[in-house]
Amino acid sequence: MRKREVVAMILAGGQGSRLGVLTQNLAKPAVPFGGRYRIIDFTLSNCSNSGIYTVGVLTQYMPMELHTHIGVGSPWDLDRLNGGVFILPPHQKASGANWYQGTADAVYQNIPFIDAYEPNLVLVLSGDHIYKMDYNKMVAFHKDKGARCTIAVTDVPINEAPRFGIMNTNDDLSIYEFEEKPRHPKSTKASMGIYVFDWQLLREALIEDANKPESVHDFGKNVIPAILERGEKLYAYPFKGYWKDVGTVESLWEANMDLLDENDDLDIGDPTWRVYSLAQARPAQYIGNAAKVQDSIVVDGCEIHGEVIHSVLSTNVKVERNAKIIDSVIMPDVYIGENAIINKAIIGSNAIIRKNSVVGDGRNVTSIGLYEEVKAGMVAN
Amino acid sequence: MLKKCMGVINLDENEDMIQELTRNRLLASIPIAGRYRVIDFILSSLSNAGVENVGIFSKMQCRSLTDHIGDGRPWDLNRRVEGIRVFNFSTLEPRVDDVYSFANNIEYFERSAQEYLLLTSSYMVCNIDFNEVMDFHKRSGDDITIVYKHVDDAQDNFFLCETLDIDEDGRVEGAGRNIGKDNEADICMEMYLMKKTIFIDLLTECVTSGRFRKIKNAIYSSLDRYKVRAFEYKGYLRCINSLQAYYKASMEMLNPRIYKQLFLDERPIYTKTTTEVPAKYLEGNAVKNSIIGNGSIIEGTVKNSILFRKVHIGKGAVVNNCIIFQGATIGDGCKLTNIIADKYVDIEPGKELKGDKDMPFVVAKKRELVREV
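What this report covers is the structure whose coordinates are included nearby. (Residues numbered from 1 in each chain as written. Chains lettered and ligands numbered in written order. Predicted model: local features only at pLDDT ≥ 70, side-chain atom pairs only at ≥ 80, totals over all residues. Heavy atoms only, no water.)

### Let's talk about the sheet that holds strand β22 (residues 323–324) of chain B
Pairing within the open sheet is mixed, and its 11 strands lie in the order β31(A)-β28(A)-β25(A)-β22(A)-β19(A)-β16(A)-β16(B)-β19(B)-β22(B)-β25(B)-β28(B). Of all strands in the sheet, those with a lone pairing partner are β31 (373–374) of chain A together with β28 (361–363) of chain B, marking the two edges. In this sheet, strand β28 (residues 352–353) of chain A lies alongside strand β25 (residues 335–336) of chain A in parallel orientation, the contact comprising 2 bridges. Its bridge partner lying in β28 of chain A, Y335 of chain A is registered against I352 of chain A. (Pairing = 2+ DSSP bridges. Helix = DSSP H or I, 4+ residues; strand = E, 2+ residues; numbered from the N terminus.)

Shown next as structure tokens:
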């Protein structure tokens, strides 16, 4: 196998239980986003746009749709002669079979995969963040600082800092302390869950961690603190730009709504940093005579006869006459019947919203699960 | 499935009446229906029928076609063995006929493993199940099957198309042309199914006798020698052989009832996919009865129109009965009626352009209307 300078490992196996019905049968990274994407498209596109063409995707929870989506990786130009994208589910070994016990264990169990490419650096990424990032810049920073581990951080408001893993740094951005969800944060540098490691260091740290019975085998909770304790050089890489962990129904809804903002920081249309996805062969969208579409984004395959206000419609959504969709995210293949009202909701793929029903009350975000049916005249909040 | 049949798409099509759109491209690669090219319909029909070896015999000016076809993956025709191939006509002589280029590539026909050959054109826009044609052909035991459609709107929709003279038993007795005399006609869809050996025999004869420059004329002249039968197609059909026909067929697609006859769930129409962002409907837009492509940004009024991807409709612009190709920018306050705007044209703010409903005005590619001083 040809040697690679950087190998990326994308953590995509978590259950995403805070997304409730939306991830009941679906891995979080495979959750549809922004009309024609799935969440993992952002990380995969970042890899491809950064020229990192050897990518392992660690999957475990409900992986079928995720695996189907990634396929051989051609939408992201990750079907390569040498390297490319590899789906790495838990597997049986001579020593036995284990599920991935945590994020660190998932990478630990795939040490032979990484070894095969003899990389200098390993980039550990999350499959459930919405952002555009040039990983080369972070790698350059890592080398520049002579770091052994670099953690990307984003500035968060101080009152939100207790929700994050916070990096306390010296003036030169070297990290002297890591606090997981501190009650009294000393800094606003929140870890984005994006790490660059010297592979040899990470390799040792993973083996060490695997042998600790008390460890939960998590990067944030175990591996990073252990590396810090060893006195290794850790640096915080300050990332500026849009970044969102879409781990909750609320944040998933917000991130979708952000796309409707005219001054949207994410700018998915940026021609120099395309976001790629598996495209479907659906006819172009049709907007009917009685339709009204305002302040919204709509994609191929949609057929709209009703009213769509400030919403995100995904592939193949049908909206019947007099239906009204406000401040909502409609995932692919959803049917919305006549006179239905959807107000501040996320409707999961293939759901059927029958006529005269009401979903959402405009206050909290309501979510309807995949393949769920809201019967005619029903109210679902 | 038609594993034993090869598809040959013959792009030796008459483009004289649609030159406004074929200056930089072949008729086969004219954009249609918001995200497709004309050739996508026949390619998808072949692919959906399970044809795994398709040769496209192209003409000059085929950059846009080869860009579009690529390795054939969108139609599931990127195969290790066979799959899709594009053959160019000679670059020396721009107006050679199909026999010349078929004969030059005789090895392709001889070496292909398939027993049958389906020769088609690209400009017949339809969604046809070729398995039915093959079943019909085998059942009849005849030499050649030609696909036709019986229409009662020949004057309006099939002007200058070929017609078939079919006898009571379904035998083809002759071929002619619809010059708009009658409304009822049997329109020849220029799809010919036969054993590959018959095709090669016809081709060899064309070359040795020098009698025909177009293979279909050889077929029509052999009706006494070969048993030629007609297969009736009953689905939706339009022939894109003129600018008017293109415009009319496009506008018809805004009718969801017609649209659904062409874009079937069980036999999808495939096309090259792109990484375009969703279409954005900004404040102040009003879109009615229109087809909109991904990546478009709409701030004005769009009625009864087809917008391809990445089209920008400026504030206060009013677009009526128009077809706007990929990447075109329609400036603020423009008023366009019955216009076809080619790819990436930039119409300056405030322009008023009007075509006729039977004769749309085409704004050609890369020609900016000069801003008034």
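### Focus on helix α6 (residues 130–140) of chain B
All names here are of chain B. Along α6, the residues that are buried comprise F130, N131, V133, M134 and H137. Looking straight down α6, one finds its buried side chains confined to an arc of 155 degrees; they lie on one side. Contacts made by the buried residues of α6 are with β1 (5–10), α2 (39–48), β6 (116–120), β8 (144–151), β11 (185–195) and β12 (228–232). A distance of 2.9 Å separates the backbone nitrogen of N131 from a side-chain oxygen at the start of α6, and that oxygen is part of D129. (Buried < 20%, exposed > 50% of the residue type's maximum accessible area, 1.4 Å probe, protein only. Arc of directions from axis to C-beta. Contact = heavy atoms within 4.5 Å. Polar contact = N/O pair within 3.5 Å; in protein donor to acceptor, adjacent residues only side chain to side chain.)

### Let's talk about the interface of chain B and chain A
In this complex, chain B contributes 34 residues to the contact, which on the side of chain A involves 35 residues. Interface area, chain B with chain A, both sides summed: about 2,800 Å², of which 45% is carbon and sulfur. Together, T275, P278 and Y281 of chain B form the three largest contributors to the area buried by chain B at its contact with chain A, with a combined 22%. On the surface where chain B and chain A come into contact, there are 4 salt bridges. Of the charged contacts, one joins D265 of chain B and R282 of chain A as a salt bridge, the two residues approaching to 3.6 Å between their closest N and O atoms. Here chain B and chain A share 26 residue pairs in polar contact (both at pLDDT 80 or more) between them. Looking at the side of chain B that touches chain A, the elements that each hand over two or more residues are α11 (256–262), β14 (279–281), β15 (286–288) and β16 (290–292) of chain B. Partitioned by chemical class, the residues of the side of chain B that touches chain A number 16 nonpolar, 10 polar and 8 charged. Inspection of the sheet shows strand β16 (residues 285–287) of chain A paired to β16 of chain B by 3 bridges, in the antiparallel sense. Bridging from a neighbouring strand, Y286 of chain A pairs with I291 of chain B of β16 of chain B. (Buried area = accessible area lost by both parts, 1.4 Å probe. Salt bridge = Lys/Arg side-chain N within 4 Å of Asp/Glu carboxyl O. Nonpolar A, V, L, I, M, F, W, Y, C, P; charged D, E, K, R; others polar.)

### Some points on the nonpolar core
Residues I32, I39, L43, I56, F130 and Y246 of chain B are the most contacted members of the largest nonpolar core, which totals 76 residues. V31, F33, W76 and I297 of chain A belong to the second largest nonpolar core, which has 70 residues in total. (Core = buried A, V, L, I, M, F, W, Y, C linked by side-chain atoms within 4.5 Å.)

### Topic: the side chain of K344 of chain A
Residue and element names in this part refer to chain A. Relative to the helices and strands, K344 is located in the loop between β26 (341–343) and β27 (345–347). At 4.6 Å, E250 is the nearest oppositely charged side chain to K344, a buried residue that forms no salt bridge. A distance of 2.7 Å separates the side chain of K344 from the backbone oxygen of R363, its partner in a polar contact. In contact with K344, not counting residues within four places along its chain, are W253, I326, D327, S328, G362, R363, N364, V365 and T366. (Lys, Arg positive; Asp, Glu negative; His and termini not counted.)

### What to know about the environment of L202 of chain A
Residues and elements named next belong to chain A. Inspection of the secondary structure assignment puts L202 in helix α6 (residues 199–210). The class of L202 is buried, set by a relative accessible area of 0%. Distance from L202 to A104, taken between C-alpha atoms, is 9.7 Å for residues 98 residues apart in sequence.

### So, a negative patch on the surface
A cluster of like negative charges, contributed by D261, E262 and D265 of chain A together with E283 of chain B, occupies part of the molecular surface. When its relative accessible area of 63% is taken as the criterion, E283 of chain B is described as exposed. (Patch = residues over 30% accessible without salt bridge, like charges linked within 9 Å, V, L, I, M, F, W, Y side chains within 5 Å. Areas by Shrake-Rupley, 256 points an atom, 1.4 Å probe, with all protein chains shown as cover. Charge placed at Lys NZ, Arg CZ, Asp CG, Glu CD.)

### Some remarks on the sheet that holds strand β23 (residues 324–326) of chain A
With parallel pairing, the 6 strands of this open sheet are ordered in space as β17-β20-β23-β26-β29-β32 (chain A). Edge strands, defined here as strands with exactly one partner in the open sheet, are β17 (292–294) and β32 (379–380) of chain A.

### Topic: the pattern of salt bridges
Taken as a whole and assessed by the stated rule, the structure comprises 44 salt bridges over all chains. Where E276 of chain B meets R309 of chain B, a salt bridge forms, and the shortest distance between an N and an O atom there is 2.8 Å. With E276 of chain B in the loop between α11 and β14 and R309 of chain B in the loop between β19 (306–307) and β20 (312–313), this residue pair connects regions lying 33 residues apart in the sequence. Taking relative accessible area as the criterion, E276 of chain B reaches 7% and is therefore assigned buried. Overall, the relative accessible area of 21% leaves R309 of chain B in the partly exposed class. Connected via shared salt-bridge partners are R148, D198, E204, E208, R230 and E232 of chain A.

### A word on the state of the cysteines
Each disulfide consists of one covalent bond between the sulfur atoms belonging to two cysteines. Residue and element names in this part refer to chain B. Applying the stated rule across the entire model yields 0 disulfides over all chains. Here C5 stays free of any disulfide, with the sulfur of C126 as its closest cysteine sulfur at 15 Å. As a non-bridged cysteine, C161 has C239 as the owner of its nearest cysteine sulfur, 3.6 Å distant. Given the relative accessible area of 2%, C161 is considered buried. (Disulfide = S-S within 2.5 Å.)

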